[in-house]
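Understanding the architecture of this molecule
Listed below are the residues making up each chain.
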There are 2 protein chains.
Amino acid sequence: MADLPDESVDLVFADPPYNLQLGGDLHRPDNSRVDAVDDDWDQIGDFDDYDLFSCAWLEQARRVLKPDGALWTIGSYHNIFRVGAFLQDMGFWIHNDVIWRKSNPMPNFKGTRFTNAHETLIWAGKTKASRVTFNYAAMKALNDGVQMRSDWTLAICAGGERLKTGDGRKAHPTQKPEALLHRVLLATSNPGDIILDPFFGTGTTGAVARKLGRRFIGIEADAGYADIARRRIAAISPAADADLKVTQSKRALPRIPFGAVVEAGLLKPGDTLYCAQGRRTARVRPDGTVAAGGETGSIHQMGAHVQGAPACNGWTFWHVRQSGQLAPIDVLRARIRAEMEGV
Amino acid sequence: MADLPDESVDLVFADPPYNLQLGGDLHRPDNSRVDAVDDDWDQIGDFDDYDLFSCAWLEQARRVLKPDGALWTIGSYHNIFRVGAFLQDMGFWIHNDVIWRKSNPMPNFKGTRFTNAHETLIWAGKTKASRVTFNYAAMKALNDGVQMRSDWTLAICAGGERLKTGDGRKAHPTQKPEALLHRVLLATSNPGDIILDPFFGTGTTGAVARKLGRRFIGIEADAGYADIARRRIAAISPAADADLKVTQSKRALPRIPFGAVVEAGLLKPGDTLYCAQGRRTARVRPDGTVAAGGETGSIHQMGAHVQGAPACNGWTFWHVRQSGQLAPIDVLRARIRAEMEGV
DNA sequence: CAAATACTTGAATCAGGTC
DNA sequence: CGACCTGATTCAAGTATTT
């Protein structure tokens with residue numbers, strides 16, 4: 001990661017070692033042994049060692065991120081509090097913590113705790129000022145038309161998706177489901193963006209990035225994992241650009257000033273605007289301001305003014321009379337947008 | 001809290017200020033103002049001040065906890081990572097992080113993030129060695145017979161439960177639902193335990209503690225809140241002791257050695273024990289050991305031995321023939337337990 | 001061949017008391 | 001503190017096997 005240039009990456013997704021400190025073997029009630037995560041790479045050491053490790057990769061991530069870039073990281077209670085506190089200290093600005101709620105977690109076999117049924121992700125901008133990518137409407141669409149929440153119910157990676165070695169054992173002990181990465185990348189990156197995964201493992205991030213038309217950089221210390229990841233990703237054919245379009249947020253649509261409506265002649269200076277009930281009126285001025293109640297200003301300011309409200313969306317408050325009916329001026333904006341797209 | 005004696009408390013439940021950093025007022029799309037958390041007590045300042053504040057109350061909580069005591073704390077991404085890291089650094093031992101998944105969260109009105117639909121709780125023992133209370137069987141029962149998971153779906157506090165001031169405004173900005181405290185106290189405390197809530201607010205912890213027959217200590221700096229809490233709790237009549245009983249784990253039952261079954265004459269030396277299928281047998285000896293497969297030892301050791309298993313619960317593995325049917329020897333143990341209770 | 005049953009497995013800080 | 005013993009304890013999916 002130290003070799004990457006400054007400010008070259010749009011999004012970082014990091015699935016660092018959790019530094020689990022497991023005791024002896026764990027057996028199920030049927031006496032079978034649980035195949036635990038006891039790999040060397042997960043044994044960072046005590047809190048001090050783990051903190052140094054975390055700060056090191058977080059600092060590098062921060063360096064390579066573009067000013068409007070963002071970072072995701074995932075963890076469990078073993079490590080996520082430390083990582084979260086450090087990234088706040090470094091100036092990352094948390095937008096959400098997101099819960100991956102596992103539909104099929106491993107139970108607590110000894111009956112000593114609550115079933116550990118979730119992991120925590122943190123989504124943070126590089127700085128408080130970073131204008132990070134968030135495809136709000138795409139998330140809403142993905143969630144059947146209601147806002148996507150901060151808790152995501154997804155199955156763990158198993159079955160055919162789980163990569164196996166030649167002898168049928170799992171290739172990587174902590175392979176993440178592609179559905180998780182799909183949602184992360186769809187929500188907070190755009191096609192063509194550069195995604196960096198500093199703990200690439202068997203390449204789930206790369207596989208999903210390729211499917212979704214994102215570019216990616218994967219870093220993996222274990223040559224065996226890297227080899228599996230390479231072959232996995234080579235087998236994927238990315239979708240065509242046209243298939244990657246997602247529902248656009250209104251926010252992402254080009255901004256149309258009210259003056260453009262006047263410029264376009266859809267309204268003329270002196271035309272009257274009405275509130276929905278028709279009782280309040282404003283008069284259009286040539287410069288795209290409106291006059292109402294003895295004052296002048298933007299459609300939003302005047303909408304607020306006549307209501308005595310602190311704010312107002314003038315596009316939906318003000319209406320025009322079209323063939324006897326009142327229609328919000330937003331329909332005029334829509335007409336301009338349609339023209340801009342060359343429809 | 002500094003006035004409380006050392007090691008005097010069984011459980012701490014802490015709902016500290018979240019250190020929310022809200023920039024300006026929030027308005028809903030219809031322009032109504034969102035009544036956000038902007039009380040003085042939630043504006044601790046920057047991270048340094050908040051960290052000092054967090055360490056101070058955590059240290060006091062640690063001091064007053066009994067050696068086998070435990071602590072709960074709740075927070076959002078604004079503060080929970082810092083609090084979690086500190087309590088780990090202090091030697092608290094995390095058992096679970098628990099997600100309160102809100103069934104009816106406040107939407108994200110600006111469409112810039114995921115709906116903030118959860119809060120995070122941490123359940124930690126005072127030390128790694130603390131044998132904390134966990135009413136596993138009660139939680140399993142509460143959850144329709146399957147293990148309680150680390151994510152709890154509960155509604156936010158609203159409607160009749162939400163305390164109001166005389167003029168109809170909410171009495172406290174972050175009143176927690178009683179259902180949340182109910183689950184916390186039921187899971188990790190016993191009737192008669194002393195519960196400390198250092199951020200008592202309007203007394204939800206005290207109200208639920210009283211209902212559940214726990215004793216409590218509430219600390220609240222705001223006299224107005226404290227007054228509301230006092231009146232709220234005074235109106236509650238605790239349930240009768242008999243109504244506070246919950247499903248007990250078998251671990252909590254008195255231990256009966258197999259030899260006691262022989263001493264009581266429920267089995268005689270030379271009697272034969274069978275596995276469930278009747279194919280394997282063992283012969284009872286006078287000292288409570290059994291002989292099977294050419295070896296002798298405890299019912300557990302011989303059960304494991306004849307199966308070639310690493311371990312075995314002899315009480316459920318071995319059976320006696322009663323009127324032609326095979327019954328596990330556990331029924332004999334149950335008979336002795338019943339006699340011990342003086343029934 | 002379909003349906004029913006059995007087996008396998010997953011980021012796990014997974015017991016408690018006595019000698 | 002370590003060794004040793006008793007004996008309590010699992011959910012949802014996917015895959016394999018049997019009926």
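Just so it is clear, the structure is predicted and the values come from calculations on it, not from any experiment. Each chain carries its own residue numbering, running from 1 in the written order of its sequence. Written order decides the labels, with chains lettered from A and ligands numbered from 1. At least 70 in pLDDT is required for a residue's local features to be given in this predicted model, at least 80 for side-chain atom pairs to be given and counted, and no such filter applies to totals for whole chains, interfaces and linings, which use all residues. Water and hydrogen atoms play no part in the side-chain values, which are based on all heavy atoms of the structure.

So, about the overall build of chain A. For chain A, the helix and strand inventory stands at 10 helices and 13 strands. Projected onto the principal axes, the alpha-carbon positions of chain A cover approximately 80 × 45 × 40 Å. Partly exposed residues are those whose accessible area sits between 20% and 50% of the maximum for their type, while under 20% is buried and over 50% is exposed, using a 1.4 Å probe and protein chains only. In chain A, which comprises 343 residues, the share counted as buried stands at 48%. We call two residues in contact whenever any of their non-hydrogen atoms come within 4.5 Å of each other. Within chain A, contacts between residues separated by at least 24 positions form 65% of all contacts whose residues are at least 6 apart in sequence. Values of accessible area rely on a 1.4 Å probe in the Shrake-Rupley scheme; residue burial ignores everything except the protein chains shown. Split by element, the accessible area of chain A, about 16,200 Å² in all, is 50% carbon and sulfur. Charge counting treats Lys and Arg as positive and Asp and Glu as negative, with His and both chain ends excluded. The location of each charge is read from NZ of Lys, CZ of Arg, CG of Asp or CD of Glu. Taking the average place of the 41 positive charges on the side chains of chain A and the average place of its 40 negative ones, the gap between the two points comes to 10 Å. For helices the rule is a DSSP run of H or I covering at least 4 residues; for strands it is a run of E covering at least 2, with both sets numbered from the N terminus onward.

The biggest cluster of nonpolar side chains holds 50 residues, and the ones touching the most others in it are Leu 58, Leu 71 and Leu 87 of chain A together with Leu 58, Leu 71 and Leu 87 of chain B. Among residues more than four places away in sequence, those in contact with Leu 58 of chain B are Leu 71, Val 83, Phe 86, Leu 87, Met 90 and Phe 92 of chain B. Among the buried residues, those of types Ala, Val, Leu, Ile, Met, Phe, Trp, Tyr and Cys that are joined through side-chain atoms within 4.5 Å form a nonpolar core. Counting 30 residues, the second-largest nonpolar core is a separate cluster that includes Tyr 18, Val 132, Trp 152 and Ile 195 of chain A.

In the vicinity of DNA strand D lie 26 residues, with Tyr 136, Lys 140, Gln 147, His 300 and Trp 315 of chain B positioned nearest. Here, proximity means that at least one heavy atom of the residue falls within 4 Å of the molecule or strand. In DNA strand D, atoms within 4 Å of the protein come from the sugar-phosphate backbone in 63% of cases. In the model, a base oxygen of DNA strand D is placed 3.4 Å from a nitrogen or oxygen of the Pro 105 of chain A main chain. We define a polar contact as two N or O atoms separated by no more than 3.5 Å, with the added condition that, inside protein, one atom must be a possible hydrogen donor and the other a possible acceptor, whereas residues neighbouring each other in sequence contribute only through side-chain atom pairs. Within the side chain of Tyr 136 of chain B, one N or O atom sits 2.8 Å away from a phosphate oxygen of DNA strand D.

Quick look at the relation of the copies chain A and chain B now. We superpose the copies by least squares over the C-alpha atoms of residues that have a pLDDT of at least 70 in both of them. The operation relating chain A to chain B is a screw motion whose rotation component is 178 degrees, with 0.6 Å of axial translation and a residual RMSD of 1.0 Å. Such a turn and shift between the copies fits a two-fold axis. When C-alpha positions in chain A are compared against the rotation axis, the closest is assigned to Phe 81 of chain A, at 1.6 Å. Here 96% of the contact residues of chain A are again contact residues in chain B; the copies associate through an equivalent surface.

The subject of this paragraph is the domain arrangement of chain A. The source of the domain bounds is an automatic or database domain assignment. The assigned domain composition of chain A is domain 1 (9-243) and domain 2 (258-342). Put simply, the middle of domain 1 of chain A and the middle of domain 2 of chain A, counted by C-alpha atoms, are 47 Å apart.

As a further point, take the interface of chain A and chain B. With 54 residues of chain A in contact, the opposing surface of chain B contributes 53 residues. Summed over both partners, the accessible surface that disappears when two parts come together, traced with a 1.4 Å probe, is what is meant by buried area. Summing both sides of the interface, chain A and chain B together bury roughly 4,600 Å²; the carbon and sulfur share of this comes to 51%. The salt bridge criterion pairs a side-chain nitrogen of Lys or Arg with a carboxyl oxygen of Asp or Glu, the two atoms within 4 Å. Taken together, the links from chain A to chain B amount to four salt bridges. Linking Asp 89 of chain A and Arg 82 of chain B is a salt bridge whose minimum nitrogen-to-oxygen distance equals 2.6 Å.

Attention shifts here to the protein's contact with DNA strand C. Residue and element names in this part refer to chain A. Not every one of the 37 residues close to DNA strand C is listed here, only the nearest: Arg 28, Tyr 77, Met 106, Lys 110 and Arg 162. Taking all atoms of DNA strand C within 4 Å of the protein, the share assigned to sugar and phosphate is 45%. One of the side-chain N or O atoms of Lys 170 is found 2.9 Å from a phosphate oxygen in DNA strand C. Note that a base nitrogen of DNA strand C is positioned 3.2 Å from one of the side-chain N or O atoms of Lys 176. Each residue is assigned to one of three groups, with Ala, Val, Leu, Ile, Met, Phe, Trp, Tyr, Cys and Pro labelled nonpolar, Asp, Glu, Lys and Arg labelled charged, and all others, Gly among them, labelled polar. A class-by-class count of the residues in the surface near DNA strand C yields 18 nonpolar, eight polar and 11 charged.

Here we come to the pattern of salt bridges. The full count for this structure, using the stated rule, is 34 salt bridges over all chains. The closest approach of N and O atoms between Lys 126 of chain A and Glu 7 of chain A, which form a salt bridge, is 3.9 Å. Highlighted residues: Lys 126 of chain A in the loop between β4 (118-125) and α3 (136-142) and Glu 7 of chain A in the segment before β1 (9-14), separated in sequence by 119 residues. Judged by relative accessible area, which is 45%, Glu 7 of chain A ranks as partly exposed. One salt bridge in this structure joins Asp 167 of chain B and Arg 169 of chain B, with 3.0 Å as the shortest N-O distance. Residue Asp 167 of chain B shares its accessibility class with Arg 169 of chain B, and that shared class is exposed.

The first and last C-alpha atoms of helix α1 (residues 47-64) of chain B sit 26 Å apart over 18 residues, in line with the 26 Å expected at 1.5 Å per residue. Check the buried side of α1 of chain B and you find it contacts β1 (9-14), β2 (65-75), α2 (80-89) and β6 (194-197) of chain B. To estimate the expected span of a helix, count its residues, drop one, and scale the result by 1.5 Å.

All names here are of chain B. Counting buried positions over the 11 residues of β2 gives eight, a clear majority of the element. The rule for pairing is simple: two strands pair if DSSP sees at least two bridges between them. In this structure, β1 lies alongside β2, joined through five bridges in parallel fashion. When the sheet's bridge partners are listed, Phe 13 is paired in β2 with Trp 72. Both β2 and strand β4 (residues 118-125) contribute to a ladder of six bridges, which runs antiparallel. The residue bridging Ile 74 from the neighbouring strand is Leu 121, located in β4.

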